[in-house]
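Coordinates in review
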Amino acid sequence: MDTSEIKAAPDTPVTFVGNSESTSSKKLGIYFIESDNRRMAFGRGYTGGTTPVNIHGKPIADLSKTGGWAATLFIFGNEMAERMAYFGLSVNMVAFMFYVMHRPFASSSNAVNNFLGISQASSVLGGFLADAYLGRYWTIAIFTTIYLAGLTGITLSASMNIFMPNQDQCDQLSLLLGNCEPAKPWQMLYLYIVLYVTGFGAAGIRPCVSSFGADQFDERSKNYKSHLDRFFNFFYLSITVGAIVAFTLVVYIQMEHGWGSAFGSLAIAMGISNMLFFIGTPLYRHRLPGGSPLTRVAQVLVAAFRKRKASFSSSELIGLYEVPGKRSAIKGSGKIAHTDDFRCLDKAALQLKEDGADPSPWKLCTVTQVEEVKILLKLIPVTACTIMLNLVLTEYLTLSVQQAYTMNTQMGHLKLPVTCMPVFPGLSIFLILSLYYSIFVPISRRITGHPHGASQLQRVGIGLAVSIVSVAWAGFFERYRRNYAVQHGYEVGFLTPMQDLSAYWLLIQYCLIGIAEVFCIVGLLEFLYEEAPDAMKSIGSSYAALAGGLGCFAASILNSIIKSVTGNPDKRQPSWLSQNINTGRFDYFYWLLTVLSVINFCAFLYSSHRYKYRAVPKFEFETGEQVVTSKNNTPTLA
């Protein structure tokens, strides 16, 4: 058929409600240009929706031989090693910079916080490359190699004397007084380079692994929702196992065999996981990259701006533009039903007579393309509300360890290193995930009626609520710990552990924050994967990592503000976050976090109440046809 021919679509017309340009609700029939030459950003035509393909981009003839739980085992291993390295660096690098590189504790802590923040916030780049050009498999393959190179460089920095300052005559007292020979500028430059190369590698892996694992399940299966729900729980379980190993085995290796062996063990683990990931290649199902998502977003914004003065009731209006048939104009994406949100963006899809037969995508976009942008915008408020939880988690990594240094870590005949204390949130997460389906789901199902116990947003809300309880308890206990230290003469000797006060009181706040993390982060990962557009799954998943990175940066900023506002060196007034924890006021800081968490929780309740889940395609299992259910539940073949 000639590209200039226009015909009315048989689908249900889209209804525009409450438009100020018309006095009543007006129904506009959607018309399509039937063309196989629709021009996209890179000259691609439209292709089949979300059909999985093999590594060569060809449709998989027999899906039963690929994907499923067998394929995810190799993916779990990769994520486990990545998080083992991530947490291993987070718990050991500050101490390495202080004890070996002889850098001040404050600057070492800020450097590591920046590393953690950048490695998470830059995950958007990895998500973009995966969705636009490389696909999730090749993005993971490339960035795990970069990650391994960075870990190898860090191992060399801790193993070869040339990369370290002189360690002679540098005892504990000299370290505290700052009399040890500091690292040379080029030595610190090398360490920072390999550290940030490692962070760059993590940025490419993190947004892709969870979505690539979820890709292994057939969305046409009747058990798809159940499989997806269990996958994200097991996925986070693999993260937890990696963290537990980092906080125990890696710490033990460091204490017994030195820093080089500790960092080397992380590199070996990453190398083994890379090998296993590549071994699983024949089992993987892939999704075709859909072209640059940023280009598609820019096209919508430009087209909407160009037609900002166009009226929905104009006589020049033909309809809302969409390609015909069951396929969308975006590679790797199915069609997305029209919604009434962000109606100003709908003007990008308004087809006018002046657009002609073959309009530029910078002047006219499809409904699906416009809805992609709407979805990305709608995901922001909910994700932003998890930044506060990530801020609290970041603070716990340093504040709780400082608390533990002043307390007795003896457990029977076993004395645990203070750096092992963060293992307890991991153990609580492991326990909760293990009991999740046998205890929580049946109980909550009776209360909510939800088949999985709670919806994704409900789980995020539960996590945020539990985090408030955790940080509030931390404030109350810190007040008790500080008063105990002052009353028993430990105010000056803050490095001397109080033998009569057990550090295991900290387990309450650790376990509570572990529960919060399970519900919030796992619920968020599943929420982002299911709600994100088909061709933007990696970018959607990177939202969670971006929130984690912003939480790290927010923690550094908040710490700096608190130190400058509450401390006065001229009057010898210590800040709330004084290095001497017994003269500081960590309890006030915890309560400030409690107030901020309550405000954040209220913002989440508002955002989640306003959020509308996207229309999910349903499939006719006998024919495999995709059926889109609109808001009025009228099924139409997409």
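The structure contained in this document is the topic of the report that follows. (Residues numbered from 1 in each chain as written. Predicted model: local features only at pLDDT ≥ 70, side-chain atom pairs only at ≥ 80, totals over all residues. Heavy atoms only, no water.)

**Regarding the overall build of the chain**
As a reminder of what qualifies: For the purposes of this entry, the term helix denotes a DSSP run of H or I that reaches at least four residues, the term strand denotes a run of E that reaches at least two, and both are numbered from the N terminus. Working definition: with a 1.4 Å probe on protein chains only, accessible area under 20% of the residue-type maximum means buried, over 50% means exposed, and in between means partly exposed. Contacts: residue pairs with any heavy atoms within 4.5 Å of one another. To measure how exposed things are, a 1.4 Å probe is used in the Shrake-Rupley method; for residues, cover is taken only from the protein chains shown.
Tallying secondary structure elements over the chain gives 15 helices and 13 strands in all. Across the 638 residues that make up the chain, the buried fraction comes to 56%. In the chain, of all internal contacts separated by at least 6 residues, the share reaching a separation of at least 24 is 82%. Here the chain has roughly 27,000 Å² of accessible surface; of this, 63% comes from carbon and sulfur atoms.

**Re the packing of helix α13 (residues 507-531) against helix α14 (residues 537-566)**
Here is the rule: To define axes, lines are fitted to C-alpha atoms, for helices over the stretch in contact only, and angles between the resulting N-to-C directions are given on a 0 to 180 degree scale. The labels follow the angle: roughly parallel below 35 degrees, roughly antiparallel above 145, roughly perpendicular from 65 to 115, and oblique for the rest. Here a crossing is taken to be left-handed if its near helix is turned anticlockwise relative to the far helix by less than a right angle, and right-handed if that turn runs clockwise. When residues are grouped by polarity, Ala, Val, Leu, Ile, Met, Phe, Trp, Tyr, Cys and Pro land in nonpolar, Asp, Glu, Lys and Arg in charged, and all others, Gly among them, in polar.
For the pair α13 and α14, the least separation of the axes is 8 Å and the interaxial angle reads 155°. One element, α13, and the other, α14, form an angle in the roughly antiparallel class. In the packing of α13 onto α14, the handedness of the crossing is right-handed. Two secondary-structure elements touch here, α13 through L524, L525, L528, Y529 and E530 and α14 through K537, G540, S541, Y543 and A544. Of the residues contributing to the contact of α13 with α14, the split by class is 6 nonpolar, 2 polar and 2 charged.

**A closer look at the nonpolar core**
We count it as follows: The nonpolar core is taken to be a set of buried Ala, Val, Leu, Ile, Met, Phe, Trp, Tyr and Cys residues, with the residues joined through side-chain atoms within 4.5 Å.
Core analysis: the largest hydrophobic core is formed by 153 residues, its most contacted members being M93, F96 and F263. It is helix α6 (residues 224-257) that contributes the most residues to this core, 15 residues altogether. Excluding residues that lie within four positions of it along the chain, F96 makes contacts with M101, S157, A158, L191, W259 and F263.

**Some thoughts on unusual backbone geometry**
Positive phi outside glycine occurs at F342, with the angle close to 45°. Relative to the assigned elements, F342 resides in the loop between β5 (317-320) and β6 (350-352).

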